[in-house]
Amino acid sequence: MKMSLAQRVLLSWIFALIFLIMLVLKLDSKIHWNWFLVFLPVWTFDTILILMLIVKMAGRCKPDFDPRDGEHSLKRRLWYLTALLLKLAFCLTLCSHLERLFEIWVSVVCVPLWVLLGGALVELGHSVFHYRRD
């Protein structure tokens, strides 16, 4: 079963809306939940995306797969998986810092985010200035 674009966008918006509502309630001190619970919609959505990426990457192991078509696609999917894992690492370190589980600097908390943004800039530059050598 494949989700249409409208269904994927709706699912993204629902998770974002739930997260933003929980975040506003936490920041206004209306709820006294753990920060890990507030970020639960983000992690649920990221888990769904990671599972979908793993299934698509595992589809390359089928016997009828043509490897000539998918070299670029595999590298891109590996980058997406790395980006999602970096985002999860940032969310985990941010929640740990907000819950005061351990005392670290905010600059250390942001390292996964900076690596993610640097990788996104490299990916953007590669896609904009890429030329074919055919």
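(A) Quick peek at the overall build of the protein. Scanning the protein from terminus to terminus reveals 6 helices and 0 strands. What you see in the protein, going N to C, is helices and strands ordered as α-α-α-α-α-α. Per-residue burial for the protein yields a buried fraction of 25% across its 134 residues. In the protein, once contacts between residues fewer than 6 apart in sequence are set aside, the share between residues at least 24 apart is 55%.

(B) Highlighting the nonpolar core. Of all hydrophobic cores here, the largest spans 15 residues; its most connected members are Phe 39 and Trp 43. Of all the secondary structure elements, the ones that give two or more residues to this core are helix 1 (5-27), helix 2 (35-38), helix 3 (40-58) and helix 4 (71-98). With sequence-adjacent residues up to four places away left out, Trp 43 is seen in contact with Phe 36, Leu 88, Cys 91, Leu 92 and Cys 95.

(C) Seen up close, the layout of surface pockets. A volume near 490 Å³ is recorded for the largest pocket. Breaking the lining of the largest pocket down by element, the ones donating at least two residues are helix 1, helix 3 and helix 4. It is helix 3 that provides the largest number of residues to the lining of the largest pocket, a total of 8 residues. By residue class, the composition of the lining of the largest pocket is 12 nonpolar, 1 polar and 4 charged.

(D) Structural context of helix 3. When the terminal C-alpha atoms of helix 3 are compared, their 27 Å separation across 19 residues agrees well with the 27 Å that a helix rising 1.5 Å per residue should span. Turning to helix 3, its buried residues are Pro 41, Val 42, Trp 43, Phe 45, Asp 46, Ile 50, Leu 53 and Met 57.

(E) A look at a nonpolar patch on the surface. On the surface, Val 111, Trp 114, Val 115 and Leu 117 cluster together to form a nonpolar patch covering roughly 390 Å² of accessible area. Turning to its location among the elements, Trp 114 is positioned in helix 6 (residues 111-128).

(F) Representation of the environment of Ile 50. Among the secondary structure elements, Ile 50 is positioned in helix 3. Excluding residues within four positions of it along the chain, Ile 50 makes contact with Leu 81, Leu 84, Leu 85 and Leu 88.

(G) Here's a closer look at the pattern of salt bridges. On inspection of all chains with the given rule, the structure shows 2 salt bridges. Taking the shortest distance from any N to any O, the salt bridge between Lys 87 and Asp 46 comes out at 3.0 Å. Of this pair, Lys 87 sits in helix 4 while Asp 46 is found in helix 3, placing the two residues 41 residues apart along the sequence. Residue Lys 87 is classed as partly exposed on the basis of its relative accessible area of 30%. A residue is classified by how much of its surface remains accessible, and Asp 46, at 1% relative accessible area, is buried. A salt bridge links Glu 123 to Arg 76, with the shortest nitrogen-to-oxygen separation between them at 3.0 Å.

Rules of the game
- Residues numbered from 1 in each chain as written.
- Predicted model: local features only at pLDDT ≥ 70, side-chain atom pairs only at ≥ 80, totals over all residues.
- Heavy atoms only, no water.
- Helix = DSSP H or I, 4+ residues; strand = E, 2+ residues; numbered from the N terminus.
- Buried < 20%, exposed > 50% of the residue type's maximum accessible area, 1.4 Å probe, protein only.
- Contact = heavy atoms within 4.5 Å.
- Core = buried A, V, L, I, M, F, W, Y, C linked by side-chain atoms within 4.5 Å.
- 1 Å grid on protein atoms, 1.4 Å probe; cavity = no way out; pocket = protein on both sides within 12 Å on 5 of 7 lines; lining within 4 Å.
- Points joined across faces, edges and corners; volume = space filled by probe spheres on them.
- Nonpolar A, V, L, I, M, F, W, Y, C, P; charged D, E, K, R; others polar.
- Expected span 1.5 Å × (residues − 1).
- Patch = residues over 30% accessible without salt bridge, like charges linked within 9 Å, V, L, I, M, F, W, Y side chains within 5 Å.
- Areas by Shrake-Rupley, 256 points an atom, 1.4 Å probe, with all protein chains shown as cover.
- Salt bridge = Lys/Arg side-chain N within 4 Å of Asp/Glu carboxyl O.

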